[in-house]
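Examining the three-dimensional arrangement
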Amino acid sequence: MANRIRELRKQTGLNQNALAERIGTTSQQVSHLETGRRRLTQAWMERLAAGLDCEPAALFGSADELPPTRPLPPGNPTMRTASIERRTKETQIRVAVNIDGAGEFTVKTGIGFLDHMLEQLSRHSLINLDIEAKGDLHIDYHHTTEDTGIVIGKAVKKALGDLSGITRYGSALIPMDETLSRVSLDISGRPYLIWRVDFSRPKLGEMDTELFKEWFQAFSQAAEITLHVDNLYGQNNHHIVESCYKGLARALRQAVQIDSRKTDAVPSTKGVLSGSL
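Now for a description of the structure that goes with this document. Keep in mind that this is a model prediction, so the values were computed, not measured. (Residues numbered from 1 in each chain as written. Predicted model: local features only at pLDDT ≥ 70, side-chain atom pairs only at ≥ 80, totals over all residues. Heavy atoms only, no water.)

Here's the deal with the sheet that holds strand E7 (residues 192–196)
Across the sheet, which stays open at both edges, the 4 strands sit in the order E5-E6-E10-E7 with mixed pairing between neighbours. Bordering the open sheet on either side are strand E5 (169–176) and E7, each of which pairs with just one other strand. Mean inter-strand twist for the sheet, computed between neighbouring axes without regard to direction, equals 10°. Of the strand pairs in this sheet, strand E6 (residues 179–186) and strand E10 (residues 226–233) are connected by 7 bridges, and their pairing is antiparallel. Paired with arginine 182 across the bridge in E10 is aspartate 230. (Pairing = 2+ DSSP bridges. Helix = DSSP H or I, 4+ residues; strand = E, 2+ residues; numbered from the N terminus. Axes fitted to C-alpha atoms, helices over the stretch in contact; angles between N-to-C directions.)

Overview of the pairing of E7
Side chains of E7 alternate between two faces, with Leu193 and Trp195 buried and Tyr192, Ile194 and Arg196 left unburied. Sheet analysis places E7 next to E10, joined by 5 bridges and oriented parallel. Among the inter-strand pairings, arginine 196 is bridged to a residue of E10, identified as aspartate 230. (Buried < 20%, exposed > 50% of the residue type's maximum accessible area, 1.4 Å probe, protein only.)

Here's the deal with the pairing of strand E3 (residues 105–108)
Two elements, E3 and strand E4 (residues 128–135), share 4 bridges in a ladder whose sense is parallel. Pairing of threonine 106 across the sheet is with aspartate 130, part of E4. Handedness of the crossover joining E3 and E4 through helix H5 (residues 112–125) is recorded here as left-handed. (Right-handed = clockwise from strand over helix to strand, strands pointing away.)

What to know about unusual backbone geometry
Phi angles above zero are rare outside glycine, and aspartate 53 is one such case at about 55°. Turning to its location among the elements, aspartate 53 is positioned in the loop between helix H4 (42–52) and strand E1 (81–87). On the basis of relative accessible area, aspartate 53 is assigned to the exposed category, the value being 70%. Phi at glutamate 224 is positive, roughly 60°, even though this residue is not glycine. As for its position among the elements, glutamate 224 is in the loop between helix H7 (211–223) and E10. For glutamate 224, a relative accessible area of 24% puts it in the partly exposed group.

Describing the pattern of salt bridges
Evaluated as defined, the whole model comprises 14 salt bridges. We note a salt bridge from arginine 80 to aspartate 100, for which the minimum N-O separation is 2.7 Å. Taken as a pair, arginine 80 in the loop between H4 and E1 and aspartate 100 in the loop between strand E2 (91–98) and E3 lie far apart in primary sequence, 20 residues in all. Aspartate 100 matches arginine 80 in its accessibility class, with the two residues each being buried. Among the salt bridges present, the one from aspartate 186 reaches arginine 168, with a minimum N-O distance of 2.6 Å. Here the residue aspartate 186 occupies a position in strand E6, and arginine 168 occupies one in the loop between helix H6 (142–160) and E5, the gap between them amounting to 18 residues. When sorted by exposure, aspartate 186 lands in the same class as arginine 168, which is buried. (Salt bridge = Lys/Arg side-chain N within 4 Å of Asp/Glu carboxyl O.)

Some thoughts on the environment of alanine 57
Mapped onto the elements, alanine 57 comes out in the loop between H4 and E1. The exposure class assigned to alanine 57 is partly exposed, which follows from its relative accessible area of 38%. A C-alpha to C-alpha distance of 38 Å links alanine 57 and serine 125, two positions 68 residues apart in sequence.

A short note on the packing of aromatic side chains
Aromatic ring pairs are reported here in terms of the distance separating the ring centres and the angle at which the planes meet. As enumerated under the stated definition, the model contains 8 aromatic pairs in all. Their ring planes at 40° and their centres at 5.0 Å tell us that tryptophan 195 and phenylalanine 216 sit as a pair that is tilted. Separated by 21 residues along the polypeptide, tryptophan 195 in strand E7 and phenylalanine 216 in helix H7 bring together distant segments of the chain. As far as burial versus exposure is concerned, tryptophan 195 and phenylalanine 216 are alike and both buried. Pairing tryptophan 215 with tyrosine 245 gives two aromatic rings, centres 5.0 Å apart and planes at 50°, and the pair type is tilted. (Phe/Tyr/Trp six-rings, centres within 6.5 Å; stacked < 30°, edge-to-face > 60°.)

Quick notes on the sheet that holds E1
Spatially, E1-E2-E4-E3 is the arrangement adopted by the 4 strands of the open sheet, whose pairing is mixed. With one partner strand each, in any of the chains shown, E1 and E3 form the two edges of the open sheet. Across this sheet, the average inter-strand angle for adjacent strands is 5°, counted without regard to direction. Where E2 lies against E4, 8 bridges are found, and the strand directions are antiparallel. Residue pairing in the sheet places valine 95 in a bridge with isoleucine 131 of E4. The sheet strands contacting H5 are E3 and E4, and the helix crosses E3 at an angle near 160°. (Contact = heavy atoms within 4.5 Å.)

Listed below in structure tokens is the structure:
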């Protein structure tokens, strides 16, 4: 459905930042509303109309194009997507995510075991992941593993925008044969990692087991997520780490879901999620 938000904003002499200040949101959110990436509910229409000094109906070409006065159902969200590319002397990484995907993935990092874990992350979170990484694997796997976590985290953060409507919290208990792991998270804007996971072997295949903490640390910092990962018990190292990635996936799946009762509200008493409670 086409809208006239951008046209009206320019007629009023406002840039995206100025309009965002008027209606109490971010310029990224304004961009999403203009392009249709964020659905235009009645609440958004009223805020935009006030900011643009017009009637809500003026946001559309004709009265026939007005959206329903109630938010669209959770099964019909505008896709939350983002792409990030990061190039350094050590790695070149490109990531595209679709938060509202179907768990489809294309993963090529050059590290077989890491690919396997990221495929689990996508499948069980239902976040589509398209990842291509090239790194200095002739040295070791550290830079590629850590930097992949950074870029995926940044892409998730970008796709979630100003976090309006999200459930915010998620938690999962994941059994895998003899292993049980717990992952809890808060999309809080305050990055923090608690990692209570021990391995009995230094490597899984060719990958150092100490690198899994580096990946989770990089992801939580870049995504600005508080993340607690606990392996409660287990013996098989493959099962232990895989249950951690699957736990992250299921917890993320909960936390990024739109709460149909508060689709346009940031889930914080402060009204923002960025270094605040």
